[in-house]
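# Examining the three-dimensional arrangement
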Amino acid sequence: MVWTAGYDSVHPMPPVLHALNETLTFLLELAMLAALGVCGANAGASVASSILLGGGAPLLAIIGWGLFASSKAKIRLPLAGVVAFKALAFGCGAAALYAVDRPKLALAFAAVAFVNTAIATVERFSGAARPAR
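We now turn to the structure provided with this report. Small disclaimer: the values here were computed from a predicted structure and weren't measured.

## Quick word on the layout of surface pockets
The calculated volume of the largest pocket comes to roughly 380 Å³. Looking at the lining of the largest pocket, the elements with two or more residues in it are α1 (15-43), α2 (47-69), α3 (79-99) and α4 (103-129). Examining the composition of the lining of the largest pocket, we find that four residues originate from one element, α1, more than from any other. Looking at the lining of the largest pocket residue by residue, the class counts come to eleven nonpolar, three polar and five charged. Put simply, the second largest pocket is a space of about 160 Å³. Taken together, V83, K86, A87, F90, G91, A110, A113, F114, T117, A118 and T121 form the lining of the second largest pocket. Here the lining of the second largest pocket takes six residues from α4, the largest share from any one element. Each residue belonging to the lining of the second largest pocket can be placed in one class, and the counts come to seven nonpolar, three polar and one charged.

The following block contains the structure:
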C-alpha cells in the first residue's frame with residue numbers, strides 16, 4: 001500500500017478532511033444538546049419543570065459525553081463502547097427533534113450523525129491498525 005505525504009498512522013484521512021469531520025462532530029454535539037434542551041423544555045408541565053428538564057437533559061448528555069466519548073474521557077471504553085454511546089446520544093438528539101414535531105430534521109440529523117460517526121470510527125480503527133511509517 002502506498003502512503004501519501006500528509007497522511008499519518010493517527011489520521012489516515014487528509015488533514016483538511018479530518019479537520020472538517022471533527023468540526024462537523026462538534027457541531028452535531030451542539031445540535032444534539034440544543035435538541036435535548038428544547039425537547040426537555042417543551043416536556044415540562046410547569047415553568048419549573050420546563051427549566052429543570054430543559055437544562056437537565058443537555059447537562060446529562062454533557063456529563064455522559066465527557067465520561068465516555070470525548071477524546072479526554074474519564075472512563076476509557078473500547079471503540080465499540082464509544083460508538084454505542086455516540087449512537088445512543090445522537091439517537092436521543094434525533095428522537096428529541098422528532099418529539100418537538102421536526103421529523104424531517106430528525107431524519108437529517110440522524111443520517112448526518114451516522115455518516116460522521118462512521119467516518120470517524122473507520123479513520124480511528126484504520127489509524128490504530130496501521131503500522132508506523
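## Quick notes on the environment of C92
Within the element layout of this structure, C92 appears in helix α3. Each C-alpha atom of the pair C92 and L33 lies 9.7 Å from the other, and the pair is 59 residues apart in sequence.

## Re the packing of α1 against α2
Across the interface, α1 lies against α2 with an axial gap of 6 Å and an inter-helix angle of 150°. Of the possible angle classes, the one that applies to α1 and α2 is roughly antiparallel. Where α1 crosses over α2, the handedness of that crossing is right-handed. Packed against α1, whose contacting residues are E29, M32, L33, L36, G37, G40, A41 and A43, the element α2 presents S50, L53, G54, A57, P58, A61, I62 and W65 at the interface. The residue makeup of the contact of α1 with α2, split by class, is eleven nonpolar, four polar and one charged.

## Considerations on the nonpolar core
Counting 17 residues, the largest nonpolar core has M32, W65, F90 and F109 as its most contacted members. Apart from residues no more than four positions distant in its own chain, W65 is found in contact with E29, M32, S70, F85, K86, A89 and F90.

## A short note on the state of the cysteines
This structure, assessed with the given rule, holds zero disulfides. Just so you know, C39 is unpaired, no disulfide at all, and the nearest cysteine sulfur is the one on C92, 9.7 Å from it.

About the thresholds
Residues numbered from 1 in each chain as written. Predicted model: local features only at pLDDT ≥ 70, side-chain atom pairs only at ≥ 80, totals over all residues. Heavy atoms only, no water. 1 Å grid on protein atoms, 1.4 Å probe; cavity = no way out; pocket = protein on both sides within 12 Å on 5 of 7 lines; lining within 4 Å. Points joined across faces, edges and corners; volume = space filled by probe spheres on them. Helix = DSSP H or I, 4+ residues; strand = E, 2+ residues; numbered from the N terminus. Nonpolar A, V, L, I, M, F, W, Y, C, P; charged D, E, K, R; others polar. Axes fitted to C-alpha atoms, helices over the stretch in contact; angles between N-to-C directions. Parallel < 35°, antiparallel > 145°, perpendicular 65-115°, else oblique. Left-handed = near helix turned anticlockwise from the far one by under 90°. Contact = heavy atoms within 4.5 Å. Core = buried A, V, L, I, M, F, W, Y, C linked by side-chain atoms within 4.5 Å. Buried < 20%, exposed > 50% of the residue type's maximum accessible area, 1.4 Å probe, protein only. Disulfide = S-S within 2.5 Å.

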